[in-house]
Amino acid sequence: MSGRGAARLRAGHPWVYRSDVLRAGGEAGDVVRVEDRRGRFLGYAFYNPRSEITLRVAERREGVKIGGEWFYGRLRAALEYRAGLGMDGDACRLLHAEADGVPGLVADRYGDYVVLQVGSAAVERRLEMVSDALEELLSPAGVLLRGDAGSRRREGLRRTVAVLRGRVPETVVVREGPVRYRVALWRGQKTGAFLDQRENRLAAGRYARGRVLDVFSYTGGFALHAARRAEHVEAVDSSGAALEAARENARLNRLSNLSFTEANVFDLLRARSDAGEVYDAVILDPPAFARTRRDLPRASRAYKEINLRAMKLLAPGGILITCSCSYHFSREAMEEMLRSAAADAGRSLRVREWRGQAPDHPEVLNIPETRYLKCAVLERLA
């Protein structure tokens, strides 16, 4: 390790980039001992020379073997943490990769089924151990590997979707507070749903009233909660397939006060604001506009455009719930963007609260990348 890499590890971050590895041996997926220039032990890491993140430290105790018992212990600790969160629903994140001490592994639970995402060659080689630990601790009806993310290419992993244990249906209905929705386990976004927004969707249900516009609605998560209190909710998305799933979810909850619009969101917001339309609440949950630091200038303009238009659509006293899941677009950058958008829109907005990702997607202070989701609740002043 270089001095810079060693300092990064000693500060509690698990990643080491290729440029900080001075000497290494092994193959992709090996667990290797990591030392500084003087030979002092720094940890055991998942090694992959193909990846820009060449080392992901998984264990800092010397002499501890990373095997079946290790995976069992990590998963058990993650489950014990979540048992105290008081989550209202039967879908949650069981294990959040580096934030739960298992770099490159995500495990989500949907009722009786567990869906995995793997972004580490070392974890991929040890999936049998992971499946054994899940079976012993949870006895799931099925375990599915969603190995179809494009990011797997950076680890040299092939894209695949496969059942690892038991049987896994194409879809399953789960509960989130008072709402139920259908999750496409084999084809849906991420592992099937955006579980990190669970508490924010529940909060939206408390804020919603009157006429609500839910933009980037996907399968209707925010819209369903809002519709339980609002007079009418319009769900907007550019994907017809996502909106069809949202319609099914509305029927599942016996909600008849929703409508669905397939449109380019930017065009729709511009047209509605130019026409002087007014809403009691607007919800913005866009995809990640800034996937890399290079994307920030373009992403900032996109975030400002949709938020400016949404602010113009708010009635006095209206609520804007606006989100960003881009790690590179910091909360400070988001605050500055919102101030600029409010000034250009000619609106004064009161901050009701700042929210983040659900607590089963924990943030680790030493790993800034684990804090990525921002959600601002703003109220238009008269």
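Summary of the structure given here. (Residues numbered from 1 in each chain as written. Predicted model: local features only at pLDDT ≥ 70, side-chain atom pairs only at ≥ 80, totals over all residues. Heavy atoms only, no water.)

A short note on the packing of helix H8 (residues 265-274) against helix H9 (residues 296-313)
Selection criterion: A fitted line through C-alpha atoms represents every axis, and for helices the fit uses only the stretch in contact; the resulting angles, taken between N-to-C directions, go from 0 to 180 degrees. Numbering of helices and strands runs from the N terminus, with a helix taken as a DSSP run of H or I at least four residues long and a strand as a DSSP run of E at least two residues long. Note on convention: near helix rotated counterclockwise from far helix by under a right angle means a left-handed crossing. Clockwise means right-handed. Contacts are residue-level and defined by heavy atoms, with any inter-residue pair within 4.5 Å sufficient. Here the nonpolar group is Ala, Val, Leu, Ile, Met, Phe, Trp, Tyr, Cys and Pro; Asp, Glu, Lys and Arg are the charged ones; every other residue, Gly included, is treated as polar.
Packing of H8 against H9 leaves a shortest axis separation of 9 Å and a crossing angle of 35°. In this structure, H8 meets H9 at a crossing whose hand is left-handed. Residue-level inspection shows Phe266, Leu269, Arg270, Arg272, Ser273 and Asp274 of H8 in contact with H9, the latter providing Ala302, Glu305, Ile306, Arg309, Lys312 and Leu313. Of the residues belonging to the contact of H8 with H9, the class tally is five nonpolar, one polar and six charged.

Description of helix H2 (residues 68-83)
Which entries qualify depends on this criterion: Here, expected helix span is obtained from the residue count minus one, scaled by 1.5 Å. Whether a residue is buried, partly exposed or exposed follows from its accessible area with a 1.4 Å probe, protein chains only, as a fraction of its type maximum: under 20%, in between, or over 50%, in that order. As used here, the arc belongs to the directions running from the helix axis to the C-beta atoms.
Here H2 is 16 residues long and its end C-alpha atoms lie 22 Å apart, about the 22 Å a rise of 1.5 Å per residue gives. Trp70, Phe71, Leu75, Ala78, Leu79 and Arg82 are the residues of H2 that are buried. The buried residues of H2 occupy one face: seen down the axis, they fall within an arc of 165°. Across H2 from its buried face, at more than 90 degrees, point the exposed residues Glu69, Glu80 and Ala83. Where H2 is buried, its residues meet strand E3 (41-47), strand E4 (53-59), strand E5 (91-96) and helix H4 (127-138).

Observations concerning helix H7 (residues 240-252)
Under the 1.5 Å per step criterion, the end-to-end length of H7 is 18 Å for 13 residues, consistent within 8% with the ideal 18 Å. Among all positions in H7, only Ala242, Leu243, Ala246, Asn249 and Ala250 are buried. Angularly, the buried residues of H7 cover 110° about the axis, an arc narrow enough to put them on a single face. Opposite the buried face of H7, by more than 90 degrees, sit the exposed residues Ala241 and Arg251. On its buried face, H7 is in contact with strand E11 (179-184), helix H6 (221-227), strand E13 (232-237) and strand E14 (258-262). Positioned one or two residues after H7, arginine 254 has a phi angle of 55°, which is positive.

Notes on the packing of aromatic side chains
Applied cut-off: When two rings of Phe, Tyr or Trp (its six-membered ring) have centres within 6.5 Å they constitute a pair, described as stacked for plane angles under 30 degrees, edge-to-face for angles over 60, and tilted for the intermediate range.
With the rule as written, the count across this model stands at eight aromatic pairs. Here the aromatic rings of phenylalanine 194 and tyrosine 218 are separated by 5.4 Å at their centres, their planes lie at 75°, and the arrangement is edge-to-face. Taken together, the residues span a long stretch of sequence, with phenylalanine 194 in the loop between E11 and helix H5 (198-207) and tyrosine 218 in the loop between strand E12 (211-215) and H6 at a distance of 24 residues. Taking the relative accessible area as the measure of exposure, tyrosine 218 reaches 22% and is therefore partly exposed.

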